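Chain residues, written in single-letter form:
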Amino acid sequence: MKPDSINVFMGQTPNASEHGGLVDHMLGFVHWFMLVLFIGWSAYLVIAFWRFRNTKSKQADYHGFRGHATTHIEIGVAIVEAILLLGFAFPLWARQADEYPTSPDTIRMRALGEKFLWNFQYPGADMMLSTWHLSYVDGATNTTGKDLHDPNGKDDFVNPGTMKLPVGRPVIVDVATKDVIHNLAIVSMRAAQDAIPGTKSHMWFKPTKTGTWDVICGQLCGPGHAQMKANIEVVEAKEYDDWAKEQSAAALKKITDAAAAPAAK
């Protein structure tokens, strides 16, 4: 039995990212450790309640337990927690925080949260995202606030509600918000990042299997928080490339037609 097999029993969503195996491995150790503590302390409480019940011992003991077993147990718990932090959590966090992918096939996209939905902006054929600012947001024509004068953004396109990605390619997501704090939580990818007003944050992962899973908001953001859901859809690379090429061409045509319209009058 593998350490992370207990995660399935706990109802955890199957992993679909490259680094997720390390996360599940650490969580498996944590779950087993907490199970041992639960059984141990529960047994201790039952024994204590039975041994020191009122009908057997009415005289209070003002000195308490005189042994050192509890001290040894507490030290052991602290050592195990230190091992989990230093041996698993810190190295994994450092890898995801510092070792961002730089390969040519890396996809860089933007996730912009608002009450109560997610918009996903993709780079076009040039693989370059436009700059953006909240002052550029227009609910009807520019939902992500991209700079319409930035040449890198002329072929960018927006896919509301669905994060579509290719399998086997690393993805860097710029995470931001239009209003309050949100959290882009993609449990299947073992990835989450706060969207903080006035701050541009980032996260990355690499999908390893195709499928469709939920994207949720991991921060309480208002009365519609529970309905702030989206989907992540991981498809084969060719299907993604064909889709992105089509969407990019349509976005570029829309910008070109809009720019030519005044001259045609």
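Criteria and thresholds
- Residues numbered from 1 in each chain as written.
- Predicted model: local features only at pLDDT ≥ 70, side-chain atom pairs only at ≥ 80, totals over all residues.
- Heavy atoms only, no water.
- Pairing = 2+ DSSP bridges.
- Helix = DSSP H or I, 4+ residues; strand = E, 2+ residues; numbered from the N terminus.
- Axes fitted to C-alpha atoms, helices over the stretch in contact; angles between N-to-C directions.
- Expected span 1.5 Å × (residues − 1).
- Bend = angle between axes of the 7 residues up to and from the residue.
- Buried < 20%, exposed > 50% of the residue type's maximum accessible area, 1.4 Å probe, protein only.
- Contact = heavy atoms within 4.5 Å.
- Salt bridge = Lys/Arg side-chain N within 4 Å of Asp/Glu carboxyl O.

Peer 1: Hey, could you run me through the sheet that holds strand 10 (residues 229-235) in this one?
Peer 2: Strand pairs in the sheet, formed through backbone hydrogen bonds, run parallel or antiparallel to each other. Taken in spatial order, the five strands line up as 4-10-9-6-7 in an open sheet, and their pairing is mixed. Edge positions in the open sheet fall to strand 4 (162-166) and strand 7 (191-195), since each of these has one partner strand only. Taking the axes of each pair of neighbouring strands and ignoring which way they run, one obtains an average angle of 20° across the sheet. By the bridge criterion, two bridges tie strand 6 (residues 182-186) to strand 9 (residues 211-217) in an arrangement that is antiparallel. Within the sheet, the bridge partner assigned to L184 lies in strand 9 and is C217.

Peer 1: Even after reading the chapter, I still don't get the pairing of strand 9, so can you show me in this structure?
Peer 2: Along a regular strand, successive side chains alternate from one face of the sheet to the other. The pairing of strand 9 with strand 10 spans six bridges and is antiparallel. Its bridge partner lying in strand 10, I216 is registered against K229.

Peer 1: It is not clear to me how helix 3 (residues 69-98) should be interpreted in this structure. Could you clarify?
Peer 2: The periodicity of an α-helix, 3.6 residues per turn, causes residues three or four places apart in sequence to face the same way. The end-to-end C-alpha distance of helix 3 is 42 Å, a good match for the 44 Å that 30 residues give at a rise of 1.5 Å each. The sharpest bend along helix 3 reaches about 35° and sits at A89, with the proline P91 one to four residues further on. What helix 3 keeps buried is the set V77, L84, L92 and Q96. Close packing links the buried residues of helix 3 with helix 2 (20-51) and strand 8 (201-205).

Peer 1: What exactly am I supposed to notice about the pairing of strand 10 here?
Peer 2: Note: strand 4 against strand 10, five bridges, orientation parallel. Bridged to P166 within strand 10 is V235.

Peer 1: It is not clear to me how the pattern of salt bridges should be interpreted in this structure. Could you clarify?
Peer 2: Oppositely charged side chains can pair when the atoms bearing their charge come close. Under the definition given, this model contains seven salt bridges. One salt bridge connects E18 with K206, and the closest N-O pair in it is separated by 3.7 Å. Remark: K206 occurs in the loop between strand 8 and strand 9 and E18 occurs in the loop between helix 1 (5-9) and helix 2; sequence separation between them is 188 residues. Residue classification places E18 among the partly exposed positions, given a relative accessible area of 42%. The salt bridge partner of D24 is R190, with a shortest N-O separation of 2.7 Å. Of this pair, D24 sits in helix 2 while R190 sits in the loop between strand 6 and strand 7, and the two are 166 residues apart along the sequence. Here D24 and R190 have matching classes, each one buried.

Function cannot be read off these values alone, since they describe shape.
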